[in-house]
Amino acid sequence: MTALLEELNSRQREAVLHRAGPLLILAGAGSGKTRVITRRVVWLIREGGVRPSEILAVTFTNKAAGEMRERIQEQLGSSSDAVWVSTFHSTGLSILREHGAAIGLPRSLVVYDDGDQLALLTRLMKDQGVDTTLLPPRAVRSRIDFAKSCGLGPDEMEVADHDLLGERARSVYRSYQAALRASGAVDFGDLLLETVSLLRRNEEVLELLERRLRYVMVDEFQDTSPVQYALVRLLTRKSGNLAVVGDDDQSIYGWRGADVRNILAFERDYPNAKVVRLEQNYRSTRVILDAAHAIIRRSPTRKEKRLFTDQSGGDLVRVLNAVDERDEAQLVARQIEAALSEGYSRGEMAVFYRVNAMSRVLEDALRERRIPYHVVRGRSFYERAEIKDITAYLRLAVNPHSDSDILRVINTPRRGIGTRTVERLRKAAAGSSGSIWSVLASPGSLKEVGPAAVRRLAAFREIIGKLHEMSTSSVSTKDIVREAMIGSGYVSSLEAEEAPEALERLENLHELLSVATERSSNGESLVQMLDDMALAGDADDDVEPEQVALMTLHAAKGLEFDVVFVIGMEERTFPHARAFAAGGWSEDEEALSEERRLCYVGFTRARRRLTLTSADSRWIMGERQVRSPSRFLEEIPSELIERSLRVSGSTAKRYGGRISSGPSWEGSPFPGEVPSNSDPDLVVVDYDFDQRPPDECGRRLRPGGRVRHRTFGDGKIHEVDGLGGNARLVICFDDAGIKKVLARYLEIL
DNA sequence: GGTAAGAGGCTTTTT
DNA sequence: GCCTCTTACC
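Being a predicted model, the structure only gives us computed values, none of them experimental.

1. Regarding the confidence of the model for chain A
Per-residue confidence for chain A averages 83 on the pLDDT scale, and 84% of its residues sit at or above 70. Across residues 646-699 the pLDDT falls below 50, and counting only partners more than four positions away or on other chains, this stretch makes 103 contacts in the model. The low-confidence segment residues 722-726, where pLDDT is below 50, has 14 contacts with residues more than four positions distant or belonging to other chains.

Pasting the structure below:
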């Protein structure tokens with residue numbers, strides 16, 4: 001009892017000790033939220049007479065679930081195994097696997113990931129004669145996903161008048177659901193939507209689950225969607241023992257249907273709920289919290305609150321400006337080296353960026369300097385083509401009616417079954433309103449298919465038939481996986497290639513086989529393995545102890561590091577261009593607010609040191625774009641910032657030594673002010689954004705400078721009018737003559 | 001029916 | 001810039 005409540009402040013203790021009924025914990029960043037949840041689970045079991053199997057703890061990501069499971073186990077030992085800790089999606093899948101028959105889902109259910117989903121949608125739309133350039137499948141998908149996240153099927157999906165996209169999306173939605181059912185498949189959204197409709201329609205199942213689960217806890221509640229909220233509400237309908245933990249300031253998944261308003265809804269739906277606020281931060285220094293608060297306080301819709309800490313002192317926030325993204329990466333690499341020499345360990349450092357694409361340049365710089373790093377990226381391994389191909393064979397072993405999977409591998413590796421034969425197969429399947437597999441099973445029904453093609457189809461049928469047989473008898477998972485790789489001819493076709501990337505693919509397949517072998521020895525079934533592959537991230541996705549972690553700001557949620565870098569602190573990089581209304585420069589307030597919260601999440605990951613970097617220009621989608629500093633930089637009070645300019649070796653080299661050649665280097669807003677410093681990157685000057693010269697944003701764009709344009713070639717700047725990427729420049733091109741060009745289309749030479 | 005080169009799209013963020 | 005899909009040709 002005593003140990004359980006040790007190291008808890010009075011608020012935290014209150015939350016842990018809450019016995020029954022609804023509980024809302026408003027937990028600020030770094031306020032010991034995970035500790036409270038895990039202690040509460042342990043307390044309920046040890047002191048509250050609750051059986052471990054009666055508790056469900058739902059989190060958002062696998063990472064969070066894994067961490068929570070571990071923390072609970074540390075305190076409870078093996079009895080913790082019975083506590084059900086999982087993500088929303090796996091929870092849904094478990095329920096569907098056990099009770100899905102009640103709504104007509106087959107036992108051999110397979111889960112389509114978003115790639116499978118998009119492929120299926122595209123195929124359906126093309127079949128329906130939809131012009132996919134006018135109506136992008138991605139746009140349709142996002143409408144369907146959004147409807148699903150609101151708990152709406154095709155018939156309930158709301159479409160406003162004159163919403164053409166919505167109209168079409170709804171009609172595709174209908175046929176898409178039909179296709180999923182015919183294939184015995186569900187997508188991610190269905191894992192929640194179908195579970196909720198199962199529980200709504202089937203009282204028996206709901207009562208069974210209600211009896212089994214007496215306590216439900218939800219982490220990251222601000223990121224739950226309406227359908228997720230509906231699910232946990234249903235599960236605790238009788239007991240009312242629903243505890244949710246969240247922070248409206250950290251809501252960063254609005255784009256995929258998460259609704260912060262669930263927090264408000266909770267207080268409305270459970271007027272007797274106990275509300276506990278955790279506002280003491282145990283993670284960061286005061287400086288970091290103040291900087292984070294400066295960003296988040298401008299968010300218009302938030303609940304007013306402010307974290308406090310007793311950790312004063314610490315480093316000021318470092319703000320570093322680079323010439324371009326490569327320069328920025330060098331800068332970060334050198335800062336990492338400096339921090340290492342100060343005694344920080346690599347495992348306690350992380351670099352965050354807005355989009356995954358930004359990791360590449362950074363990786364190059366770290367590799368060059370031999371700094372061990374690790375890119376934390378959701379599920380890259382399972383997204384590799386070769387892995388997805390073998391997965392398709394494995395899913396067919398379980399459920400050969402999955403048309404998407406048939407289409408994926410029917411000619412992979414090449415076995416001479418071309419598009420025409422495939423088209424005829426599909427037509428025959430549609431005609432008999434069955435799956436392609438059922439057509440293959442009765443080849444007599446195939447018209448217009450020549451004898452050679454029939455032979456090849458029979459060979460393919462053999463392959464899948466054998467796999468299916470193996471999966472229904474007691475063959476081990478490992479052996480089925482091996483058969484899928486070898487029996488399909490996949491491995492031998494790769495071996496024949498001899499290209500270096502074929503070798504890499506083979507290595508990845510080897511990796512998959514060892515995963516399967518390990519799972520086999522744990523007695524895991526093929527279905528279990530497939531479920532995990534569909535829902536789980538990479539196995540080696542964890543933050544490694546001796547490596548610098550690289551990840552998106554979204555992936556950073558829930559983590560903490562001593563030293564944090566946020567790169568790309570520029571307008572239209574972060575906040576991302578998407579936060580601005582299409583085309584124009586007007587702002588979408590809600591989207592911008594979400595960027596703000598994302599920034600807040602990023603800053604509050606740092607325990608000791610926060611370093612922010614920006615670049616004057618960035619290479620984006622094959623184009624060099626001029627960037628101006630992020631508004632977020634300007635919002636941080638200057639007394640919290642170590643404003644830094646620098647003269648870097650790489651910059652000097654690339655720009656012909658002009659920049660570092662003298663005290664009044666070109667581009668400095670402070671001519672004559674390049675103080676010497678032991679750290680070449682940190683030249684501290686008294687530099688305030690509010691006093692910067694008007695052309696600071698594009699300060700290297702000045703009359704006389706040389707620039708490059710994609711089509712016009714190189715030229716000399718004559719006139720500059722305006723700021724940043726939008727500045728209008730008159731350029732005298734060497735070949736193309738005098739033109740007016742926007743700065744963002746120019747590369748600075 | 002298969003291949004290679006060219007065109008076009010793409011990038012938020014994750015289960 | 002990179003990847004996927006289409007097109008033209010074998």
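There is more to say after this.
2. So, the packing of helix H5 (residues 88-99) against helix H25 (residues 526-535)
Across the interface, H5 lies against H25 with an axial gap of 11 Å and an inter-helix angle of 150°. On the basis of the axis angle, H5 is roughly antiparallel to H25. Considering the relative orientation of H5 and H25, their crossing is right-handed. Counted together, His89, Ser90, Leu93 and Arg97 of H5 and Val527, Asp531 and Leu535 of H25 form the full contact between these two elements. Class assignment of the residues belonging to the contact of H5 with H25 gives a composition of three nonpolar, two polar and two charged.

3. Quick notes on the sheet that holds strand S8 (residues 274-278)
Spatially, six strands are ordered S3-S2-S6-S7-S1-S8 in an open sheet, and the strand pairing comes out parallel. Only two strands of the sheet have a single neighbouring strand rather than two, namely strand S3 (84-87) and S8. Put simply, the sheet's adjacent strands are angled 15° from each other on average, direction ignored. The sheet contact formed by strand S6 (residues 215-218) and strand S7 (residues 242-246) spans three bridges and is parallel. What sits directly across from Met217, in S7, is Ala243. Packing of helix H2 (residues 10-17) onto the sheet brings it into contact with strand S1 (23-27) and S8, and relative to S8 it is tilted by some 145°.

4. Remarks on unusual backbone geometry
The peptide bond linking Thr412 to Pro413 adopts the cis configuration, its omega dihedral lying at 0°. Structurally, Pro413 is set in the loop between helix H18 (403-409) and helix H19 (419-431). In this model, Phe574 is joined to Pro575 through a cis peptide bond whose omega is 5°. Within the secondary structure layout, Pro575 lies in the loop between strand S13 (561-566) and helix H26 (589-603). Even without glycine at this site, Glu220 takes up a positive phi of about 50°. In this fold, Glu220 is placed in the loop between S6 and helix H11 (226-235).

5. Details of the protein's contact with DNA strand B
If you check the shell around DNA strand B, you find 27 residues, and the closest are Arg256, Arg354, Arg414, Thr421 and Arg578. Between DNA strand B and Arg256 there is a distance of 2.6 Å, counted from a base oxygen to a side-chain nitrogen or oxygen.

6. Details of the protein's contact with DNA strand C
Taken together, Lys126, Trp619, Met621 and Gly622 make up the full set of residues near DNA strand C. Among the atoms of DNA strand C lying within 4 Å of the protein, the sugar-phosphate backbone contributes 40%. Separating a phosphate oxygen of DNA strand C from a side-chain N or O atom of Lys126 is a distance of 3.2 Å. A distance of 3.4 Å is found between a sugar or linking oxygen of DNA strand C and a side-chain nitrogen or oxygen belonging to Trp619. Class assignment of the residues belonging to the surface near DNA strand C gives a composition of two nonpolar, one polar and one charged.

Calculation rules
- Residues numbered from 1 in each chain as written.
- Chains lettered and ligands numbered in written order.
- Predicted model: local features only at pLDDT ≥ 70, side-chain atom pairs only at ≥ 80, totals over all residues.
- Heavy atoms only, no water.
- pLDDT = per-residue confidence, 0-100.
- Contact = heavy atoms within 4.5 Å.
- Axes fitted to C-alpha atoms, helices over the stretch in contact; angles between N-to-C directions.
- Helix = DSSP H or I, 4+ residues; strand = E, 2+ residues; numbered from the N terminus.
- Parallel < 35°, antiparallel > 145°, perpendicular 65-115°, else oblique.
- Left-handed = near helix turned anticlockwise from the far one by under 90°.
- Nonpolar A, V, L, I, M, F, W, Y, C, P; charged D, E, K, R; others polar.
- Pairing = 2+ DSSP bridges.
- Near = heavy atom within 4 Å.
- Polar contact = N/O pair within 3.5 Å; in protein donor to acceptor, adjacent residues only side chain to side chain.

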